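Listed here are the chains, written in short residue letters.
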Amino acid sequence: MYTVKIANINEFNEQKVKIIIHDGTPIAVFKVENEFFAIDNRCPHRGASLGDGPIQDEIITCIWHSWKFSLKTGQAIENPNCFIKTFPIIIDGDIIKLVYDSKR
Ligand code: FES
């Protein structure tokens, strides 16, 4: 387990989502209200980019077939057995980092 730098916190003044690739994993990082979330960007249904979807009340909706996921827990709203990976966020001064576990 280790941390990965995502961005300077100021980058999120202009945008609400940033997608990075780390260790072959596409990861979407969101700023919602004043909280940050990081998820595996691949929808478990057919692989759409979740970072392109709309967010309401910390729930993201996949743009392809409208599956919904909690950004906090990764749990699918309509199928409690389905999860996307989430990554803890650390704010270190002006730097946003996520905690990456390659075994997850
Ligand atoms: S690819 Fe996301 S709901 Fe189908």
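Note that the structure is a prediction, hence the values are computed from the model and not measured.

**So, the pairing of strand β10 (residues 95-100)**
Of all 6 residues that make up β10, 5 are buried, and the element is covered over most of its length. Bridge count between strand β9 (residues 89-92) and β10: 4 bridges; the pairing is antiparallel. The partner of Ile-91 across the bridge, within β10, is Ile-96. Counted along the chain from β9 to the antiparallel partner β10, the turn is 2 residues long, and its residue Gly-93 has a positive phi close to 65°.

**What about the sheet that holds strand β3 (residues 25-32)?**
What the 4 strands build is an open sheet, ordered β2-β3-β4-β8; its pairing is antiparallel. Taken across any chain shown, the strands that pair with only one partner, and hence form the sheet edges, are β2 (17-22) and β8 (86-87). Of the strand pairs in this sheet, strand β4 (residues 35-40) and β8 are connected by 2 bridges, and their pairing is antiparallel. Bridged to Ile-39 within β8 is Thr-86.

**Here we look at the side chain of Thr-25**
Following the sequence through the fold, Thr-25 ends up in strand β3. We classify Thr-25 as buried; its relative accessible area is 7%. A polar side-chain atom of Thr-25 sits 3.2 Å from a polar atom in the side chain of Tyr-100.

**Section: the sheet that holds β9**
In space, the 3 strands of this open sheet follow the order β1-β10-β9, with antiparallel pairing throughout. The sheet terminates laterally at β1 (2-8) and β9, the two strands that pair on one side only. Across the sheet, the mean angle separating the axes of adjacent strands is 30° when strand polarity is ignored.

**Digging into the environment of Trp-64**
Relative to the assigned elements, Trp-64 resides in the loop between β6 (59-61) and β7 (68-70). We classify Trp-64 as exposed; its relative accessible area is 51%. Sequence separation between Trp-64 and Tyr-100 is 36 residues; the distance between their C-alpha atoms is 27 Å. Among residues more than four places away in sequence, those in contact with Trp-64 are Arg-46 and Ala-48.

**Focus on the pattern of salt bridges**
Think of it this way: side chains of opposite charge can pair up when their charged atoms draw near. The tally for this structure, following the rule as stated, stands at 4 salt bridges. The shortest N-O distance in the salt bridge between Lys-18 and Glu-11 comes to 3.2 Å. With its nearest N and O atoms 2.7 Å apart, the salt bridge here joins Asp-92 to Lys-97. Accessibility expressed as a relative area gives 40% for Asp-92, which makes it partly exposed.

How each quantity is defined
Residues numbered from 1 in each chain as written. Predicted model: local features only at pLDDT ≥ 70, side-chain atom pairs only at ≥ 80, totals over all residues. Heavy atoms only, no water. Buried < 20%, exposed > 50% of the residue type's maximum accessible area, 1.4 Å probe, protein only. Helix = DSSP H or I, 4+ residues; strand = E, 2+ residues; numbered from the N terminus. Pairing = 2+ DSSP bridges. Polar contact = N/O pair within 3.5 Å; in protein donor to acceptor, adjacent residues only side chain to side chain. Axes fitted to C-alpha atoms, helices over the stretch in contact; angles between N-to-C directions. Contact = heavy atoms within 4.5 Å. Salt bridge = Lys/Arg side-chain N within 4 Å of Asp/Glu carboxyl O.

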